[in-house]
Amino acid sequence: MRKIKRTLHKIFGGIGNFFVIIILVSITVIFVNTYVLSKRDLSNRVSNTNELSSNQNETQHNFNQQYSDNRITRQPTPDPGCEIDEKCSSDSFPYKVISGDGLNKYPSICFNNKLLLDKNMKDSKVGRGINLVVIDSTTFAIKLAETFDTYLEETFFLRVLRLNLTDGDIVIMASFDEVTSGLKEASTSLLEKYGSQLIKGVKYRDSFVMIGQKGIPRGKAIEMHQRKGSREYGAAAQISGCAKFPLGQITPLVLPNVEIAKEGNITIGTSLENCGLVETCKSDEFSVHVYTGKDNNDEPKICVDGKYVISKGINNAGRGLNIAVVSHKKEVIRIAHFDTWQDDSTNLEIFLESLENDAIIIVVTFDEASSKLSQHSKNLFFDLGSATIQNLKYRDVWVLIGQKGINGFSPFEEISYAGTGFAYATAIDKRMCVPKTLKGWAIRPDPIPYRNDKRREFCSHYGGYGDFCTETNVDKSLVAVPLLNRTLEDNPIYSTPILVIAGTSNNALRMCLETILMQPGVNAENVIVAIDEKSTEASVLVSLFEFKNQTLPHSSNYMEFYENALAKVWEIYPKTDKLIVIEEDLILSPDFLYSLALLSEVFRKDNTINAIQMWNPNAFDIVNGSVELFYRVDEFYGLGYLLRRSFYEKSMKDSFKQCCSKRVWEKWTFSDSTTSFLIPDISRVFRRPFDENETHKKHIETLFNQKRRTNLNPFPPLSNIDTLRKNKYHSTLTATIQSATLLKSLDPCDTINTYMYNLIQNQNISNTFKHVYPQQSSTDVKSLLSVLPCFGLYSHEVFGLYHDLILIMNLLRLCHRIIHPTRFSFNRQLQQLSVAQKTPSSSFSVGQEIHGYVVKEITPIPEFRLTAIKLQHKLTGCQHLHVDREHKNNVWSAAFQTTPKDDTGVAHILEHTALCGSEKFPCRDPFFKMTNRSMATFMNAFTASDWTMYAFSTQNQKDYFNLMSVYLDAVLHPKLDEYDFMQEGWRLEHEKPDDPKSPIVIKGVVFNEMKGVFSDSHQVYARRIQNNLMPTSTYQYESGGDPEAIPNLTWNDLKEFHASHYHPSNGRFFTYGSFPLSDTLAYLNEYLQKYEQQKTKINSSKLIEETRWNKSRSVNISCSQQSFVVDPNKTTTVSVSYLLGSIRDTWETFLLNIVCSLLVDSEKSPFYKKLIIPNIGTNYSPDTGFGRNTLNTTFHVGLQDISKDDVDRVIKIIEETFQEVAKQGFEQSQIDALIHQFEIGIKHQDENFGLKVILGLIYSWIHGTDPIDSLQVTKYLERFNKEIKNNPKLLEDIVEKYFLKNNHKLIATMNIDDEYAEKKKQKESQLCQQLISQCLELQKRQSAVQNVDVLPTLSITDIDKKVIRIPITQGQIDNNYVQLCEQPTNGITYFRCLLNTFQLPNELKPYLPLFVNILTK
């Protein structure tokens, strides 16, 4: 060693100099290799601006040596079509690859001067999809030439890439026609491992060519992508030049492998006689139990012949497909698990293809199994007897017992569909006896659950569609009702174009389209919906119904849009002589088309009838007309009508702005005085209540908000069709007037009255009555206006005149019904019962000491029928709130302020780990074990931004104390075992713990949970806004844990956090219900008396308010690609967030809640009108609304799915809207409606009322507010009503203070980063550089049998045998049976009506959902 040192000193002048020289030489070598050699290599390639990727600057020594050893031989003259401009060196290969161009120009592939693929070559395989040539990497001989129709599916193409090629093999690809429809993520990701970096950007009918090698890095392939753009097909993509191989450093490609447990190597789990079946199976049958699990925290199960071969920790059971194969001898011969959420289906396909004849296969899905399940796999399952595998979608669950060689469909199959919003499907749990030979069904089993994927996809992306998107309705098909009356098959109405002129409400449009679809005989091809060009959501909605979209240029108002729509549709249908027009916000009666069909002959023969209107402005419910009658009128009211083309051409087309610039109910006026229109006595359309017209507010509200009658009979008889033609109508009308009974003069009325009823009743001479009124001129209707209310008619203006006559029918019948005395007496009875209350009582008094507690306050709160008792533990200072209420569902909770100081998720992981066993209950996962030993109605734990809560509810008193003992010991005395920390938090572990060669990955319950959270762009957006809006407090950190930071948490950190935060002094205990409080306090005191008050540690977790900014800030947020994008040019989200007042100021928080609700929560709200209606984006930004989950409340408002160019526009609109509200205020009706909602919300109570109380209180109680004060909501409502009366500008002042003069404002934008997921993946892989040896020990502990006997449980004697019976009063109203149930409902009457539809004709039953929907609105 000394000799070496002396030599280094002599030559280099010291050891330090020696290392400096070594470093300089290394840098020089890297520079030469990277820049000089790479540039020389690049000079041999063709540069192309159309996304040509040709980076070949990396080589691998052994491959270079291989290629140099094999001298390249090529024919001197290229084959025709293979000529290139470059002259290639002896160590490079000439190539020319051209994709198809449309359907007439085919692809070609040349390599080493030879034409390898061309349409004109003998036996050449050229076709739609990917045309592939594979060159052996050693001999450069053709290894494979094949075409794969990836328009249909990727299965066999993927299999070739995965299984048939060796590392270094050269792949040459050229597209033809359409290549991407069946090309899924599995293939595109694998092609990146062949060097491609452009493949994931290839879209429908784009062109693509590529030369790559198996195992080279992404970006090293030679490739080109030509986008389709506005063309029908993308232009031909072409690459040519000279290539040296390898194209980059070749890394052996390691692909996922599946371990299949074979007979003799199958792990057997627990045994259960006959798999839980009561009866023993026959000798030629075997018992089976299949269970899919209810969510990803559960487990899949397969039991065969009394032994579980699939369950948690058994035979690698897990996410995706879990399969057991049973031989004809009833023996399990193979077990396999395929994660088809993460891995492609290649291994699954091979597994299914290799099944023995007569083998029975048992398949159970778990968590998510559809994402990468190939069509070929589904076809293989179909051959095994599946009838429903094609329907399997995201988070659906499915079980199949099939057989190789089955003839028909298996009788042992079931599918359960996921709920909306990615909710897990209802678990399938079945036990059965399965015969050794399955007898297939010739037809598919009935019923097969129907799944409407288009409707589900629509509902998952758009909100605000009410029951249209509920789980009950989301799978219902949207199919037109066929014509039921065959005599009308040739009626021209059913071939008449129908124009729907969409407005601003997409939900109203949805309801309208539904009622169009329900018209018997409607032809969807005849329905055309006019939509503003900016209304992308409406366009998607119309496509969902499969009607025609007609986008029109944006108009400044509805009537301008109306005019353009009419003109456009007449242009589209130049030969039609009539058109059905349906305006915005309409719901059609079931006979809309049917009635028009009956009237079509009159309309054809009488040219003086220019339109048939289906809305009657006088058809109020109180008038109760006849469905059989239509009249002629002089005026046109529109809404829904049949319009004659000749009338449009003559009176509307060139004079629309003169005749029709106002809405039709303002009376359109036409120059032709001979014009007449038909109108029904009872409307055939219903218009939603109108709330937009400010100029004529009273006029409009009376017209549309007063209760109306709309026909619900789908096939009404029309009794006066023959009298509607002009000549007959006049003679019939004259005769009717002459024979009518004259009413004596009437005094002006405010409403229909009993006098009118009695007068007509006593003059029972005729069914027709007349009232004569004087006129000064033909247009004078002054004296008529004053008596219109007497008849129940519209009183602001005279509607329905025909030659100065108004016709109404059946006036008297409704008058009799209105004054029916029984109805009023029953209502009074209901009112008396609804206010009945039971006042809770308490035996405690303020200052009383009991079981270590001091009673601090007792306050009755009559609006909730409860008494709130506030206590404090003397020794620890622990706060306790008890809500004493006569309610059987009792609640207990413990909450602690948990303020994180980093992103490791310590509070969240502690919440999980605390429930993994405690001193008193050392069994693992007692929380989950108790689910089978308890009657709990709720058990859970929550981690919020600054608190953690553990809560349960139950109706059984012993169960209550059992659960309290488990929970209390868990939070105060948890084991916090290191292995539990590794299980719940994070650990580094081999992907297969018992295989040291498998990749190292990060695992952990919380880690995986938060990875899912951070993969959701909405979650990322909302969380990053909170972090940036409060950057100096605990809210700058992610309390749930950021996956990038979670691995920084240590076991000691977890234990220290528990010691400092889970102390009774930092706790808030809550109890609710009727169980004795004294017993609860005594039990709690047994734990708490062992503690002392700790102020030092606990104060460290107290929060101070955020430092206020003197100017606004902005932040840019990145997210991953969204799964559903309506417009790829509109993917930006923008919002403005404000830090408001302290949540400790309860009154100010109450006011801010009102203001923020008024700003965004309804269709009348200012921001809805300014942001949503103009269709700048698809919906509010994810964070929009009032936030009260932090010390300072917040407000956020913005839009998602907007163009980047609209960001500044949205921000400007938000600022201007605040200014407008501060100046003009809110509509009084909007304020009244909101307060009414608050009051109803206070009064409405359900079985989970106790849980809702604590979840509502904890946000402010944890920060020191008085919880009892927060419960007294009525006090704040009364104060609000008083203060807004004294200061009408109260709400405007709040807007001014917190929004216009508030500099603590954050402007956030979110854009898609195409490499977001890859960056996250790379960061995670950087964390996996070391292995923790304890992973195998953890696996043992997880599979070990637990002693659950240490946990408390209920016995049958603990359950009350008495059934609580609610007394019910029986009665009758109008011969209808009525049940009256007396309950304390806080002044609310709950009404439920059951209608017997047994006698309802079958043809009417399809309209029941519509009937119920309208009735309950």
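Calculation notes
- Residues numbered from 1 in each chain as written.
- Predicted model: local features only at pLDDT ≥ 70, side-chain atom pairs only at ≥ 80, totals over all residues.
- Heavy atoms only, no water.
- Helix = DSSP H or I, 4+ residues; strand = E, 2+ residues; numbered from the N terminus.
- Buried < 20%, exposed > 50% of the residue type's maximum accessible area, 1.4 Å probe, protein only.
- Contact = heavy atoms within 4.5 Å.
- Pairing = 2+ DSSP bridges.
- Axes fitted to C-alpha atoms, helices over the stretch in contact; angles between N-to-C directions.
- Disulfide = S-S within 2.5 Å.
- Core = buried A, V, L, I, M, F, W, Y, C linked by side-chain atoms within 4.5 Å.
- Phe/Tyr/Trp six-rings, centres within 6.5 Å; stacked < 30°, edge-to-face > 60°.
- Lys NZ or Arg CZ within 6 Å of the ring centre and 35° of its normal.
- Salt bridge = Lys/Arg side-chain N within 4 Å of Asp/Glu carboxyl O.
- Parallel < 35°, antiparallel > 145°, perpendicular 65-115°, else oblique.
- Nonpolar A, V, L, I, M, F, W, Y, C, P; charged D, E, K, R; others polar.

S.K.: Break down the overall build of the protein for me, with residues and values.
M.R.: Counting secondary structure elements, the protein contains 40 helices and 51 strands. A buried classification covers 52% of the 1417 residues belonging to the protein. Restricting to contacts in the protein with at least 6 residues of sequence separation, those with at least 24 account for 73%.

S.K.: Lay out the sheet that holds strand β36 (residues 866-873) in plain terms, naming residues and giving numbers.
M.R.: Taking strand neighbours across the sheet as the criterion, the eight strands line up as β34-β35-β36-β37-β43-β38-β40-β39 in an open arrangement whose pairing is mixed. With partners counted over all chains shown, the strands left at the sheet margins are β34 (849-850) and β39 (938-943), one partner each. The sheet contact formed by β34 and strand β35 (residues 853-861) spans two bridges and is antiparallel. Bridging across to β35, glutamate 849 finds its partner in valine 854.

S.K.: Tell me about the sheet that holds strand β9 (residues 238-243), and name the residues and values.
M.R.: Spatially, β3-β2-β1-β9 is the arrangement adopted by the four strands of the open sheet, whose pairing is antiparallel. Each of the sheet's edge strands pairs with one partner strand only, and the pair in question is β3 (114-117) and β9. Across the sheet, the axes of successive neighbouring strands diverge by a mean angle of 15 degrees, strand direction being ignored. In the sheet, strand β1 (residues 93-98) pairs with strand β2 (residues 108-111) via four bridges, with the strands oriented antiparallel. Bridge pairing links lysine 96 to cysteine 110 in β2.

S.K.: Any details on the environment of cysteine 923? Residues and values, ideally.
M.R.: As for its position among the elements, cysteine 923 is in the loop between α21 (906-914) and α22 (926-929). With relative accessibility at 3%, the residue cysteine 923 sits in the buried group.

S.K.: How would you summarise the pairing of strand β23 (residues 578-582) if you had to cite specific residues and measurements?
M.R.: Among the five residues of β23, five are classified as buried, and the element is accordingly described as predominantly covered. Inspection of the sheet shows strand β20 (residues 498-501) paired to β23 by three bridges, in the parallel sense. Its bridge partner lying in β23, valine 500 is registered against isoleucine 582. Bridge analysis of β23 against strand β27 (residues 640-644) gives five bridges, and the strand direction is antiparallel. From the neighbouring strand, isoleucine 582 faces β27, where its bridge partner is glycine 640.

S.K.: Please set out the state of the cysteines residue by residue, giving values where relevant.
M.R.: Within this structure, the stated rule accounts for six disulfides. Disulfide partner of cysteine 88: cysteine 242, at an S-S distance of 1.9 Å. The sign of the S-S torsion, about -85 degrees, decides the handedness of the disulfide formed by cysteine 88 and cysteine 242: left-handed. Of this pair, cysteine 88 sits in the loop between α3 (61-69) and β1 while cysteine 242 sits in strand β9, and the two are 154 residues apart along the sequence. The buried category is assigned to cysteine 242, whose relative accessible area is 6%. Residue pairing for cysteine 659: its cysteine sulfur links by disulfide to cysteine 660, the two sulfurs lying 2.2 Å apart. Residues cysteine 659 and cysteine 660 share a disulfide whose torsion about the S-S bond is about -90 degrees; that sign makes it left-handed. With a relative accessible area of 0%, cysteine 660 lands in the buried category.

S.K.: Can you explain the nonpolar core? Please cite residues and give values.
M.R.: Formed by 90 residues in total, the largest nonpolar core has its most connected members in Ile516, Val529, Tyr562, Leu566, Ile582 and Met652. The contacts of isoleucine 516, once residues within four sequence positions are left out, are Val500, Val522, Val527, Phe547, Ile582 and Leu588. Counting residues in hydrophobic clusters, the runner-up holds 73 residues, among them Leu915, Phe921, Tyr1021 and Val1115.

S.K.: Lay out the environment of phenylalanine 1226 with the relevant residues and their values.
M.R.: Structurally, phenylalanine 1226 is set in the loop between α32 (1207-1224) and α33 (1228-1243). Residue phenylalanine 1226 is classed as buried on the basis of its relative accessible area of 11%. The spacing of phenylalanine 1226 and leucine 1159 is 67 residues in sequence and 8.7 Å in space, taken between C-alpha atoms. Not counting the four nearest positions on each side in its chain, phenylalanine 1226 is found in contact with Val1155, Leu1158, Leu1159, Pro1166, Val1221, Ile1231, Leu1291, Glu1292 and Val1295.

S.K.: Residues and numbers for unusual backbone geometry, please.
M.R.: Going from phenylalanine 245 to proline 246, the amide bond is cis rather than trans, its omega being 5 degrees. Relative to the elements of secondary structure, proline 246 occurs in the loop between β9 and β10 (261-262). One non-glycine residue, asparagine 113, adopts positive backbone phi at about 70 degrees. Examined against the element boundaries, asparagine 113 turns out to sit in the loop between β2 and β3. We classify asparagine 113 as buried; its relative accessible area is 10%. Non-glycine residue leucine 976 carries a positive phi angle of around 50 degrees. Checked against the element boundaries, leucine 976 lands in the loop between α23 (957-972) and α24 (978-984).

S.K.: Give a detailed account of the pairing of strand β14 (residues 320-326), specifying residues and quantitative values.
M.R.: With seven of its seven residues buried, β14 lies for the most part within the structure. Alignment of β14 against strand β16 (residues 360-366), held across seven bridges, turns out to be antiparallel. Bridging from a neighbouring strand, valine 326 pairs with isoleucine 360 of β16. Where β14 meets strand β15 (residues 332-338), six bridges bridge the pair, whose relative direction is antiparallel. Bridge pairing in β15 places alanine 324 opposite isoleucine 335. The turn linking β14 back onto β15 is made up of five residues, and lysine 330 within it adopts a positive phi angle of 70 degrees.

S.K.: Account for the packing of aromatic side chains, naming residues and giving values.
M.R.: Counted under the stated rule, the structure contains 46 aromatic pairs. Look at phenylalanine 382 and phenylalanine 409: their rings are 5.8 Å apart centre to centre, the planes differ by 75 degrees, and that puts the pair in the edge-to-face class. Highlighted residues: phenylalanine 382 in helix α7 (residues 375-383) and phenylalanine 409 in the loop between β17 (397-403) and β18 (413-416), separated in sequence by 27 residues. Considering the side-chain rings of tyrosine 562 and phenylalanine 656, the 6.1 Å spacing of their centres and the 40 degrees angle between planes classify their relative orientation as tilted. A residue pair is termed long-range when its members are at least 10 positions apart, and tyrosine 562 in helix α11 (residues 558-572) and phenylalanine 656 in helix α14 (residues 656-659) qualify at 94 residues. Comparing tyrosine 562 with phenylalanine 656, the two get one shared label, buried. Among the aromatic residues, those joined into a ring-pair cluster are Trp892, Phe896, Tyr950, Phe952, Tyr960, Phe961, Tyr967, Tyr1062, Phe1069 and Phe1075. Lying across the ring of phenylalanine 468, arginine 455 places its NZ or CZ 3.9 Å from the centre.

S.K.: Residues and numbers for α7, please.
M.R.: The complete set of buried residues in α7 reads His376, Ser377, Lys378, Leu380 and Phe381. Against α4 (155-164), β14, α6 (346-353), β16 and β17 lie the buried residues of α7. Phi turns positive one or two residues past the end of α7, at glycine 385, with a value near 115 degrees.

S.K.: Describe the pattern of salt bridges, listing the residues and the values that go with them.
M.R.: Using the criterion set out here, one finds 47 salt bridges in the structure. Residues lysine 430 and glutamate 414 are paired through a salt bridge, measuring 3.5 Å at the closest nitrogen-oxygen approach. Highlighted residues: lysine 430 in strand β19 (residues 429-435) and glutamate 414 in strand β18, separated in sequence by 16 residues. Measuring nitrogen to oxygen at the nearest pair gives 3.3 Å for the salt bridge that ties lysine 1170 to glutamate 1220. Pair noted here: lysine 1170 is in helix α31 (residues 1166-1172) and glutamate 1220 is in helix α32, with a separation of 50 residues, a long-range link. Judged by relative accessible area, which is 32%, lysine 1170 ranks as partly exposed. Its relative accessible area of 32% is what places glutamate 1220 among the partly exposed residues. Several salt bridges share partner residues, and in doing so they unite Glu185, Glu192, Lys200, Arg218 and Lys372 into one network.

S.K.: Before we move on, can you summarise the packing of helix α30 (residues 1146-1160) against helix α36 (residues 1273-1286) with the specific residues and values?
M.R.: Where α30 meets α36, the closest approach of the two axes is 11 Å, and the angle between their N-to-C directions is 70 degrees. Relative to α36, α30 is oriented roughly perpendicular. Contact with α30, carried on its side by Thr1146, Trp1147, Phe1150, Leu1151 and Ile1154, involves Tyr1276, Leu1277, Arg1279, Phe1280 and Glu1283 of α36 and no other residues of that element. In the contact of α30 with α36, the residues fall into seven nonpolar, one polar and two charged.

S.K.: Summarise the environment of glutamate 635; cite the residues concerned and give the values.
M.R.: Turning to its location among the elements, glutamate 635 is positioned in the loop between β26 (630-633) and β27. As a C-alpha pair, glutamate 635 and glutamine 613 span 22 residues in sequence and 9.9 Å in three-dimensional space.

Taken by themselves, the reported measurements are silent on function.
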